[in-house]
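# Commentary on secondary and tertiary structure
The lines below spell out each chain.
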Amino acid sequence: MRVDDYKFMDIVDAMACVNQRVNLIGVVVETGVPKRSKGTDYFCSVKIIDESRASGIHINFFAASMERLPQVENVGDILLVSHVVVKTRPSEPYALFNKTFSHFALFEGGDSSIEELVPYQTSSRYKPRDDDKKFIMKLKKWYIPQNTNVLNETLFLREIKEAENLKLFCKILHISNVKDNEPMLFVWDGTDTPPAPLEAKLEDEMESPLPLQFEPSLSRDILCTFPTVGTILRMSVNQGNEKLGLQCFRPNKWVKLTNVKCEVRSALWIATLMPFSKISYMRDDDDAVTSRLRSYNERYASKWGRMPFTSFPWSSDITGTSHSDVPFVTLMDILTYPEVMYKYRCVVRVVATIPCRAVDFRSPSGVYRVRLTLEDPTARIHAFLYAEDGVNFFGNDHSVDVLTKKRNKLLGVSNDDGMQSVENVTRNPPWIQCCLFSYYINESDVWGSRNYRITDTTCLG
């Protein structure tokens, strides 16, 4: 073995060695989303830094399978690579890992003694050397996580907007295949996504109702593992025609995501990891993580913490309830409550009704039977107004004009936009208070047949 095989170069010096093999060691600050290359291999990019270059260098890895790519556990871990070839492109040089003659090793960052320096992943050609340890320990002493930068350069979910290059810092709560083996991530940071405007015609609700969620309904067991305060944002994975397995993503980990696309579909926020998105997993004890959790814990402990952020300082005065002393809960609290039958008080928006025309709210015999689609930052559900609850809600004046005006106020429709039929106008329904009662309609399947009814609530508009 040549003497150069034992020599690690500073990144700044290695960048000048175009088309040469070099050995590098650095701190991982970012990884790309693994994907299939244009050929038969799998590909990912890992960015490392050292004392010589704070902006670091990207190392592009190719491997015959996803499992053979580096599986970086956390930002701050140490990556050692040997015999990578420095290449150049218009923006800046990068290093190329060749699966035939290059090798790598990943070591846990953070505090550890030299005796504990055992790699948690290596390539098949890697051979450990005692001299490696002193370089690793030097990097560990030098690297100080830039937690302030993580918090300053990323958005809370409450700050997201429709764009393609957002940076988010959140926790992956759950991962599942939604259809055709496409993974969907469920991410959360303890805050509420902003309410999305609605642009569908009211008449469309009958034939094409607003979805309650994008994915097939999750089991109650899974829902009960989710936090009940704060939006759980659905995040799809866009890999073109290639499908990635769930092993690419790690649940119950806080992560910084770069170049994420966010958009509104069916008045629900959805995010998408793009082929060029970057992932940085964070340690549970990282200051950025503890800062986000501290903010969430303060909200959770607050008397008004279950009210949507955008409803403050208070919900609209369109409705009133008979139980003003009962604490508010979220719709996720309701979905995961351990008893099938119970009463709740919450702050929600009415985003749709069936029937859509107020003239049809009552049956020919005069009985109210209306299905409302309710949402808050945590969930969207159907709730029914039936019989006496409908009378209590709408009042004693059953004229079509009065009912239409009340419907329009609930749905965020200006009365100037039409009385009976509302065309494709942008709506922003107000936050209202209501009481809900959960019940079942099938004794042999009480949870599967669980429904919700609006009760003890009056529309004052």
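In short, a report on the structure. (Residues numbered from 1 in each chain as written. Predicted model: local features only at pLDDT ≥ 70, side-chain atom pairs only at ≥ 80, totals over all residues. Heavy atoms only, no water.)

Let's shift gears to the pattern of salt bridges. Applying the stated criterion across every chain yields a total of 16 salt bridges. Between arginine 371 and glutamate 205 there is a salt bridge whose closest N-O contact spans 3.6 Å. Of this pair, arginine 371 sits in strand β16 (residues 369–376) while glutamate 205 sits in helix α4 (residues 204–207); the two residues are 166 residues apart in sequence, bridging distant segments of the chain. Neither arginine 371 nor glutamate 205 differs from the other in exposure class; each is buried. A salt bridge links lysine 343 to aspartate 456, with the shortest nitrogen-to-oxygen separation between them at 2.7 Å. In this pair, lysine 343 sits in strand β15 (residues 342–354) while aspartate 456 sits in the loop between β19 (450–455) and β20 (457–459), placing the two residues 113 residues apart along the sequence. (Salt bridge = Lys/Arg side-chain N within 4 Å of Asp/Glu carboxyl O. Helix = DSSP H or I, 4+ residues; strand = E, 2+ residues; numbered from the N terminus. Buried < 20%, exposed > 50% of the residue type's maximum accessible area, 1.4 Å probe, protein only.)

Bridge count for strand β9 (residues 163–179) against strand β12 (residues 253–265) is seven bridges, and the pairing is antiparallel. Bridge pairing links leucine 166 to valine 260 in β12. As judged from the eleven bridges shared by β12 and strand β13 (residues 268–282), these two strands associate in the antiparallel manner. Following the sheet pairing, lysine 261 is matched in β13 by threonine 272. Taken together, β12 and the strand that follows it, β13, pair antiparallel across an intervening segment of two residues, in which serine 266 is found at a positive phi of about 50°. (Pairing = 2+ DSSP bridges.)

Let us look at a negative patch on the surface. On the surface, Asp111, Asp284, Asp285 and Asp287 cluster together to form a negatively charged patch. Here aspartate 287 falls in the partly exposed class, since its relative accessible area comes to 48%. (Patch = residues over 30% accessible without salt bridge, like charges linked within 9 Å, V, L, I, M, F, W, Y side chains within 5 Å. Areas by Shrake-Rupley, 256 points an atom, 1.4 Å probe, with all protein chains shown as cover. Lys, Arg positive; Asp, Glu negative; His and termini not counted. Charge placed at Lys NZ, Arg CZ, Asp CG, Glu CD.)

Turning to a nonpolar patch on the surface, a few remarks are in order. On the surface, a nonpolar cluster with roughly 370 Å² of combined accessible area is contributed by Trp304, Phe309, Phe312 and Trp314. Mapping phenylalanine 312 onto the fold places it in the loop between α6 (287–301) and β14 (319–321).

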